[in-house]
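Given next are the chains, with one letter for each unit.
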Amino acid sequence: MILGVDFDNTIICYDSVFHKVALEQGVIPADLARHKGAVRDYLRRIGQEDIWTEMQGYVYGRRLGDCEPFPGVIPFFRTCRGNGLEVLIISHKTRHPYLGPKYDLHEAAAAWLETQGFFDPAGLNLPRASVFFELTKEEKLRRIAACDCDYFIDDLPEFLTEPDFPSQVTRLLFDPAEAYDQAPSYRRVRSWAEIQDVFGQWLGWNQRGTVV
């Protein structure tokens with residue numbers, strides 16, 4: 001069986017870094033919530049969409065090394081490896097930012113994965129060929145279908161409910177902020193610990209990730 005996982009806001013967490021960068025640039029009040037969405041919504045509300053767009057390129061390029069994986073994601077990947085569930089990272093990511101310096105966002109994301117031990121033979125041992133950064137949403141959908149994924153985890157309900165999303169794929173919405181409701185087409189999960197529990201129920205893992 002094959003599991004596909006989105007990258008941005010699913011494996012990697014940007015919340016504290018966006019807040020830190022926005023404070024460094026002096027564009028948000030210090031008491032704003034430490035959440036990427038809060039920074040985005042505030043800048044849009046005050047008519048600073050371009051600042052937000054350029055900030056995304058800066059964080060996704062130059063400051064990616066400051067970002068952390070979501071708690072539990074690395075143990076979950078390790079559990080998958082130990083139980084023979086193949087994991088692919090399939091993400092929609094432009095090559096360069098829309099505004100600002102032309103950082104190579106694909107290169108930055110791959111370097112982050114390497115730094116976090118995803119490719120380390122003594123760590124998660126994820127093959128580099130199992131990582132796909134697609135330039136468009138349509139290409140991401142086609143990749144999920146071409147890889148014959150059985151499951152897919154993403155943080156955007158609008159992506160999981162796309163008309164062209166492969167119908168045979170079981171979909172999980174990663175929603176740590178609890179911003180969305182449950183829907184018939186996907187199961188909402190709030191943490192990687194919960195995802196591990198869900199797969200444990202589906203595939204017969206116990207809490208330590210070994211087959212029952």
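Structural notes, computed from the coordinates. Here the structure is a predicted model, which is why all the values come from computation and not from measurement.

1. Examining helix α2 (residues 36–45)
Right, on to step 1. Residues of α2 that are buried include every one of K36, G37, A38, V39, Y42 and L43, and no others.
Right, on to step 2. Looking at the packing, one finds that the buried side of α2 touches α1 (15–24) and α3 (49–61).
Right, on to step 3. At the C-terminal side of α2, G47 shows a positive phi close to 75°.

2. Details of the packing of aromatic side chains
Right, on to step 1. This structure, assessed with the given rule, holds 20 aromatic pairs.
Right, on to step 2. Taking the centre distance of 6.2 Å and the plane angle of 25° together, the rings of F199 and W205 count as stacked. Accessibility classification places F199 together with W205 in one group, the buried group.
Right, on to step 3. Taken together, F70, F76, Y151, F174, W192, F199, W202 and W205 form an aromatic cluster joined through their ring pairs.
Right, on to step 4. Here K93 stacks its cationic end above the ring of Y60, 5.1 Å away from the centre of that ring.
Right, on to step 5. The ring of F159 has K140 lying over it, and the distance from NZ or CZ to the ring centre is 4.2 Å.

3. Looking at the sheet that holds strand β6 (residues 151–154)
Right, on to step 1. Taken in spatial order, the 6 strands make up an open sheet running β5-β4-β1-β6-β7-β8, and their pairing is parallel. Every other strand in the sheet has two partners, leaving β5 (131–134) and β8 (187–189) as the edge strands with one partner each. Looking at each pair of strands side by side, their axes are set apart by 25° on average, direction ignored.
Right, on to step 2. In the packing of helix α6 (residues 137–146) onto the sheet, contacts are made with β4 (86–92), β5 and β6, and the angle to β4 comes to roughly 165°.

4. Overview of the side chain of E134
Right, on to step 1. Relative to the elements of secondary structure, E134 occurs in strand β5.
Right, on to step 2. For E134, a relative accessible area of 9% gives the class buried.
Right, on to step 3. Reaching out from E134, the side chain makes a polar contact with the side chain of R143 at a distance of 2.6 Å.
Right, on to step 4. For E134, the residues in contact, after removing those within four places along its chain, are S91, H92, K93, E139, K140 and R143.

Cut-offs used in this document
Residues numbered from 1 in each chain as written. Predicted model: local features only at pLDDT ≥ 70, side-chain atom pairs only at ≥ 80, totals over all residues. Heavy atoms only, no water. Buried < 20%, exposed > 50% of the residue type's maximum accessible area, 1.4 Å probe, protein only. Helix = DSSP H or I, 4+ residues; strand = E, 2+ residues; numbered from the N terminus. Contact = heavy atoms within 4.5 Å. Phe/Tyr/Trp six-rings, centres within 6.5 Å; stacked < 30°, edge-to-face > 60°. Lys NZ or Arg CZ within 6 Å of the ring centre and 35° of its normal. Pairing = 2+ DSSP bridges. Axes fitted to C-alpha atoms, helices over the stretch in contact; angles between N-to-C directions. Polar contact = N/O pair within 3.5 Å; in protein donor to acceptor, adjacent residues only side chain to side chain.

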